[in-house]
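Summary of structural features
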Amino acid sequence: MKTYKLPIYILTVCAALTFVACGSDDDNIIEQVTCDDGIQNGDETGIDCGGTECEPCVTALDFSGDFVQEDASGRPGINTIFNDNDEDKNLFNVTIHADKGLFAQKFEDRLEFYHDIYAESLEIDPATFNYETNILGLDAANFTSLLANTDALQVAPNATTTYYDGTNVLTGRTINDDVMDVTLTLMFGGTSGTRFDGNNDTPQLTSDGVDFGDRSIGAFPYLEAPNSL
Amino acid sequence: MKKMKLFGVVGGVLLASAAFFLTSSDQVDAPGVASTSSDIADLYAFEGDDPNNTVLIATLQGPLTPGDVTENAAFDEDVMIQFNIDNDGDFIEDLVIQAIKRDDSMYVFGPVVPTATGLVGQVETSGTMRQVKISTSDDVQITSEDGVSIFAGPRRDGFFFDSNRFNDVISGTAAPEGFLPPEEASDFFEDLNVLAVSIELPNSLLGTAPTHAAVAEGLFPEGSLPDAYNIWVTTKRKQ
């Protein structure tokens, strides 16, 4: 039997070389790449990871380190509208949400200040141009307390989402909710919601006059493709 | 009233100064983050097309003008975008969903209980990790797996507001009319873009919803508002 071993080895090596030679020029070999073959092949960027077919190479990514808060957002426009100086605006962004009630009094002062500004520009005694309990039944203290103490979107998992639709209120924020008109109405609309709505010789302070316009809401990711030139 | 008037004059100057920079509902709200890669523009949170899902969208770095500014805008690898979910009404995050860029992709972790709450955090790599290639204007990439969909890339700014007129109104120069009628008003954001991170996930991953915060605060009668998560978004920069 020994006499046959050498020729068999030679034949085996030749056959293997032939296969490799053919395979190296054959696209089919790409199809044999797998994400669990223990080698980096195909378009993998690491061993059995990356590229178009395999999971990303997580182990190669560095997610370490401490991350420190720079900005925060709950309800829309609150920091912009109710904090009146740069120091407070910065502080509001780096105050944990559980402590934002600290801003309630400043918010209430700001709310009254807006009324004073407008009264003065209209040459009305500011004492007669004050905030009035709004359509949610909230007086100035309660309204601004709500804004500061609960500065988040309250998102109801089993209810219609709306910032305010006339019936439902504070169950989240959809893309086409007119959050600024709601905010202005809560600030200047008074108990009726129409206190300063531009009618009956009043200033228009409850609506900015713009709406969702020609935007649309599609399927996920819901926001439209970016505007182009 | 003298004190009030003096406050008004001083405040008016500050107001005019602050108003000049106003551009979006949150964006450029503070000089500390103005025009930086951590600047949040808006947060949206709503029921998905599938009513068993919640959608969370954070927009950043807006407003971006179309063209080169939008095409060149990029998420920052040092900035972690974190959706915070409060399940018990104390306004401390019980679950977080974090998004952070690496190479050409956005990596999303969670929802996961954070190892630390508050102003300093880490990427919670023990949470379920998902990945989506960051989209461009022409190449939209969405990853959907186990009922969770994620997207990151430029989008049209969904925020609408006549912010120029708002500046005039709060500075008193628009008196006595106030805001303009619809035919004269102008949506500042109509033609502008933002960078967006969108995540849609089953409510079952978000834990329980506590008593609505406005009810818990005693401002609304019990039972008048549905139970609701408290959700906010933060950006945190690597030190």
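For clarity, every value in this text was computed on a predicted model and none was experimentally measured. (Residues numbered from 1 in each chain as written. Chains lettered and ligands numbered in written order. Predicted model: local features only at pLDDT ≥ 70, side-chain atom pairs only at ≥ 80, totals over all residues.)

Brief notes about the interface of chain B and chain A
Short version of the rule: Remark: residues whose backbone-derived C-beta atoms lie within 7 Å of one another are considered to be in contact. Each helix corresponds to a stretch of at least 4 residues labelled H or I by DSSP, and each strand to a stretch of at least 2 residues labelled E; elements are numbered beginning at the N terminus. Residues were grouped as follows: Ala, Val, Leu, Ile, Met, Phe, Trp, Tyr, Cys and Pro as nonpolar; Asp, Glu, Lys and Arg as charged; and all remaining residues, including Gly, as polar. Whether two strands pair depends on DSSP finding at least two bridges between them.
Contact with chain B, which involves 106 residues of that partner, is made by 84 residues of chain A. Broken down by element, the side of chain B that touches chain A gets its largest block of residues, 10 residues, from strand β11 (residues 229-238) of chain B. Residues of the side of chain B that touches chain A, tallied by class, amount to 54 nonpolar, 29 polar and 23 charged. Bridge count between strand β1 (residues 67-73) of chain A and strand β6 (residues 120-121) of chain B: two bridges; the pairing is antiparallel. Along β6 of chain B, the bridge assignment pairs V68 of chain A with V120 of chain B.

Here's the deal with the environment of D191 of chain B
By the element assignment, D191 of chain B lies in the loop between α3 (163-171) and β10 (193-202). As for D191 of chain B and T136 of chain B, which are separated by 55 residues in sequence, their C-alpha atoms are 17 Å apart. When near neighbours in sequence (up to four residues on either side) are disregarded, D191 of chain B contacts N227 of chain A together with P66 of chain B.

Details of the sheet that holds strand β8 (residues 143-145) of chain B
Residues and elements named next belong to chain B. To keep it simple, the criterion reads: Axis definition: a line fit to C-alpha positions, over the contact stretch in the case of helices; interaxial angles, taken between N-to-C directions, run 0 to 180 degrees.
Taken together, the five strands give an open sheet; going across it, the order is β1-β2-β10-β9-β8, and neighbouring strands pair in antiparallel fashion. Edge positions in the sheet fall to β1 (40-47) and β8, since each has one partner strand and no second. The sheet shows a mean angle of 15° between the axes of neighbouring strands, direction not considered. Bridge count for β1 against strand β2 (residues 53-64) is seven bridges, and the pairing is antiparallel.

Quick notes on unusual backbone geometry
Put simply, F220 of chain A and P221 of chain A share a cis peptide bond, and its omega is 10°. Structurally, P221 of chain A is set in the segment after α7 (179-188). With an omega of 0°, the peptide bond between A175 of chain B and P176 of chain B qualifies as cis. Mapped onto the secondary structure, P176 of chain B falls in the loop between α3 and β10.

These results come straight from atomic positions and should not be treated as a statement about function.
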